[in-house]
Each structure stands twice: as C-alpha cells, then as structure tokens.
Amino acid sequence: MRVDHVKAFARSPVILLMACGLLFAARIMISKVSLTAGAQPLQIAFISNLGAGLLLYGITKSRGIEIPNAKRHIILYLVLGFVSVCLPNALQQFVVLHVGPAYTSTVFALSPVITLIIATVIGQERLILKRAVGIAAGLCGMLALLQQQISQTDYSQYVWVIVGLGIPVCAALGNIIR
C-alpha cells in the first residue's frame, strides 16, 4: 500500500509542476555559473541537449518503447528539435550571459501566452476565458516572485533583451507544430 502512495505522490500535478520549476530554475542558474566560469554558450547548449536526448533515449529503450523512424517522423524530430529545443536553448545561453538569469526566466514564462495567441489566431484553439485567465495569473505570479531580480536586469543590452523574446516564440512554435 505504501508504494501506491509514493506513486500517487510522484504523479501529482502539483509535485510535477514544482519539480519542473525547480529543474528549470536550476538549469538557468547552472548556465550562468558555467558561463561565468568561461564555458561558451553554444558549448553549454550542445552538451545539455545531447545529455537530455541520450537520457530520454535510454529511458525510452529501457521501457521497450519503439521510436517511429519513418522519413516524416525524422523530419518532424529535426524541425521540432531545432525550433523548440536547440534554438531557444542557444538563445538562452547568450541572453543569460548578456542580460542575466532573471530576465531569461521571465521570457520563458511568456511561452504559454504566445502559444495561446498563435493557436487562437490560426484557429487551432478557441479562446477560452478560464484558460486565458489561468495563464495570465501564472504569468503575474511569476513576475511577482521575480520582481526584485527583474529590477536588477541590465536592460541597456537592448539587443539581447529583444533576442531573448525569441526564446518563448520558439517554444510556442514548437508547441503549435506538435
């Protein structure tokens, strides 16, 4: 019976959300530390993506899940890998280096907003007030939590501030393509 409680706890949406948030924040802070230590932005992006891909591949294979490998699947994997993983991760490294981790965290939170806007405009989703309010509340909550760090962001690097906006756009496009 105890095992069932542990499994239920590990599958709890709140616990999973907290774990994802913790890992996401840790990834950005590790990027900042790595960049400060002299690592190159594209080097960090490559190593982290390669590590994540190999880990997911290993988990998938160990569970006996076959990965579709038809030509159309390979093309989809390459497009999604570039648009929603490679490009935003590389941009993240440069933005963390030039503007800081607080701003980088903030722009990632724009991804659901941009996804909802694009999906509504192209007719893939209907605009549902409850969903829009939930996304807006989450964005406001994140901004409230990071308020002090955001105020210390170096906005004089305006080119990198604008480049940073490409991060959630890429993530949103990946969500739409999926």
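Scroll up to find the structure.
Residues numbered from 1 in each chain as written. Predicted model: local features only at pLDDT ≥ 70, side-chain atom pairs only at ≥ 80, totals over all residues. Heavy atoms only, no water.

(A) A look at the overall build of the protein chain. Of regular secondary structure, the protein chain possesses 10 helices and 0 strands. Going residue by residue from the N terminus, the α and β elements of the protein chain occur as α-α-α-α-α-α-α-α-α-α. Its C-alpha atoms put the protein chain at 50 × 45 × 40 Å along the principal axes. Counting across all 178 residues of the protein chain, residues that qualify as buried make up 26%. Of the contacts formed within the protein chain by residues at least 6 apart in sequence, a portion of 80% connects residues at least 24 apart. By element, 72% of the accessible surface of the protein chain is carried by carbon and sulfur atoms, the whole surface being about 11900 Å². (Helix = DSSP H or I, 4+ residues; strand = E, 2+ residues; numbered from the N terminus. Buried < 20%, exposed > 50% of the residue type's maximum accessible area, 1.4 Å probe, protein only. Contact = heavy atoms within 4.5 Å. Areas by Shrake-Rupley, 256 points an atom, 1.4 Å probe, with all protein chains shown as cover.)

(B) Here's a closer look at the packing of aromatic side chains. Applying the stated criterion across every chain, the model contains 1 aromatic pair. Relative to Trp160, the ring of Phe94 lies with its centre 5.7 Å away and its plane at 15 degrees, an arrangement referred to as stacked. Of the two residues, Phe94 sits in helix α4 (residues 71-98) while Trp160 sits in helix α9 (residues 158-164), which places them 66 residues apart along the sequence. Under the relative-accessibility criterion, Phe94 is labelled partly exposed at 26%. Given the relative accessible area of 22%, Trp160 is considered partly exposed. (Phe/Tyr/Trp six-rings, centres within 6.5 Å; stacked < 30°, edge-to-face > 60°.)

(C) Broad picture of the nonpolar core. In this structure, Ile28, Leu35, Ile44, Leu91, Val95, Val96, Val99, Tyr103, Val107, Phe108, Val161 and Ile167 together form the largest nonpolar core, which totals 12 residues. Elements with a contribution of two residues or more to this core: α2 (13-36), α4 and α5 (101-108). Ile28 has contacts with Gln92, Val96, Pro101, Thr104, Ser105 and Phe108, leaving out every residue within four places of it along the chain. (Core = buried A, V, L, I, M, F, W, Y, C linked by side-chain atoms within 4.5 Å.)

(D) Highlighting the environment of Pro168. Topologically, Pro168 is positioned in helix α10 (residues 166-177). For Pro168, a relative accessible area of 0% translates into the label buried. For the pair formed by Pro168 and Leu76, sequence separation is 92 residues and the distance between their alpha carbons is 20 Å.

(E) A look at the side chain of Thr60. Secondary-structure assignment places Thr60 in helix α3 (residues 41-62). The exposure class of Thr60 is buried, given its relative accessible area of 19%. Other than its neighbours up to four places away in sequence, Thr60 contacts Ile65 and Ile67.

(F) Region of the structure containing α3. Its 22 residues give α3 an end-to-end C-alpha distance of 32 Å, which sits within 8% of 32 Å, the value for a rise of 1.5 Å per residue. When we look at burial in α3, the residues that qualify are Pro41, Ile44, Ala45 and Thr60. Looking straight down α3, one finds its buried side chains confined to an arc of 120 degrees; they lie on one side. Of the residues in α3, the exposed ones pointing more than 90 degrees away from the buried face are Phe46, Ile47, Leu54 and Ser62. Looking at the buried residues of α3, the elements they touch are α2 and α4. Directly after α3, the chain includes Gly64, whose backbone phi takes a positive value near 75 degrees. (Expected span 1.5 Å × (residues − 1). Arc of directions from axis to C-beta.)

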